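Now for the letters of each chain:
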Amino acid sequence: MRLTTWALAALATALVLASTASAAPAWAPAATAPIHPGVNTDTAGGSCTSNFIYFDNSNQVYIGQAAHCSGTGAATATDGCTSGTLPEGTPVTVTGASQPGTMVYNSWARMQARGETNPDTCAYNDLALVRLSAADAARANPTVPFYGGPTGLATSVASTAKVLSYGNSVLRQGIALLSPKEGIQIGATSNSGFNHTVLTVTPGIPGDSGSGFMDKTGKAFGVLSTLGLAPLPATNGVGDLASELAYARTFSDFSGLQLADGTGPFRGPILPLP
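The structure presented is a predicted model; accordingly, all values stated were derived computationally and were not measured.

**Q** Sorry if this is basic, but what is going on with the overall build of the protein here?
**A** Per the secondary structure count, the protein includes 5 helices and 14 strands. Long-range pairs, those at least 24 residues apart, make up 69% of the contacts in the protein with a sequence separation of at least 6. Total accessible area on the protein is roughly 11,400 Å²; 61% of this is exposed by carbon and sulfur atoms.

Written as structure tokens, this is what we have:
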């Protein structure tokens, strides 16, 4: 298998990261933290759902959203290497935060600046990071509502494996019972490992974009990216989080980026699916 230049850089960065990983910041209590996975983010009027909390070696704290949440083209413009996007530095309103965060990493913007040409990377690398102020970072907790977790980063997801998510689209009108979603991955991870096709009850809807996905053990594996219309209606395309983080780490300003684990117990799935 031929490795791309960024993949080789990602491997080298991962080896360094494993030996230099820093301790997580001090988090606010999960029960009262106003900032956590699943809160809404608003970028220039476009509402999305956040996925997970991240931090780096400088203890900067970030909340994740989909890169396409700051897209400036049509809803069908999903190729991150050619689609328009707001620049890094754009303010993002984060529900629960005392002040707007700052989008400091956007995979679309980085791919375009780098001249990325791998079609799978261009189509499915869909992650943005919003840096929280120090005051808001102290009010954040990385625990996913309802399920708990994440319990780490998944490196693979098997076909028909159980998947969990927490969508918080404004179209759900704040009804918390509609936010937890469970389902399965359909088929094997595809597109050079960058894409998972999932079917959940209920499916992701507009505004759920960017929400995080975990496997049945609580390992974080993906970020909601697309709504499938054909050949499998009501399915969703989920970008592979491990691949997206590996790509981000190839840039020197994010070489120490880490997923933050939840601080409480993982509840696990409740529906009788595999």
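**Q** What is the right way to look at the confidence of the model for the protein in this model?
**A** Detailed reading of predicted coordinates is not advised where the pLDDT is low. Taken as a whole, the protein shows an average pLDDT of 87; of its residues, 85% reach a score of 70 or greater. The low-confidence segment residues 5–19, where pLDDT is below 50, has 19 contacts with residues more than four positions distant or belonging to other chains.

**Q** Mind showing me how you'd approach the packing of aromatic side chains here?
**A** The description of an aromatic ring pair rests on the distance of the ring centres and on the angle between the ring planes. By the definition in use, this model includes 7 aromatic pairs. Between F146 and Y147 the ring centres are 4.9 Å apart and the planes differ by 90°, which places this aromatic pair in the edge-to-face class. When its relative accessible area of 33% is taken as the criterion, F146 is described as partly exposed. These aromatic residues form a ring-pair network of at least three members: Y62, Y105, Y247, F251 and F254. Positioned above the aromatic ring of F251, the side-chain terminus of R110 is 4.9 Å from the ring centre. One residue, R114, lies across the ring of Y247, its end atom 5.1 Å from the ring centre.

Thresholds, definitions, all that
Residues numbered from 1 in each chain as written. Predicted model: local features only at pLDDT ≥ 70, side-chain atom pairs only at ≥ 80, totals over all residues. Heavy atoms only, no water. Helix = DSSP H or I, 4+ residues; strand = E, 2+ residues; numbered from the N terminus. Contact = heavy atoms within 4.5 Å. Areas by Shrake-Rupley, 256 points an atom, 1.4 Å probe, with all protein chains shown as cover. pLDDT = per-residue confidence, 0-100. Phe/Tyr/Trp six-rings, centres within 6.5 Å; stacked < 30°, edge-to-face > 60°. Buried < 20%, exposed > 50% of the residue type's maximum accessible area, 1.4 Å probe, protein only. Lys NZ or Arg CZ within 6 Å of the ring centre and 35° of its normal.

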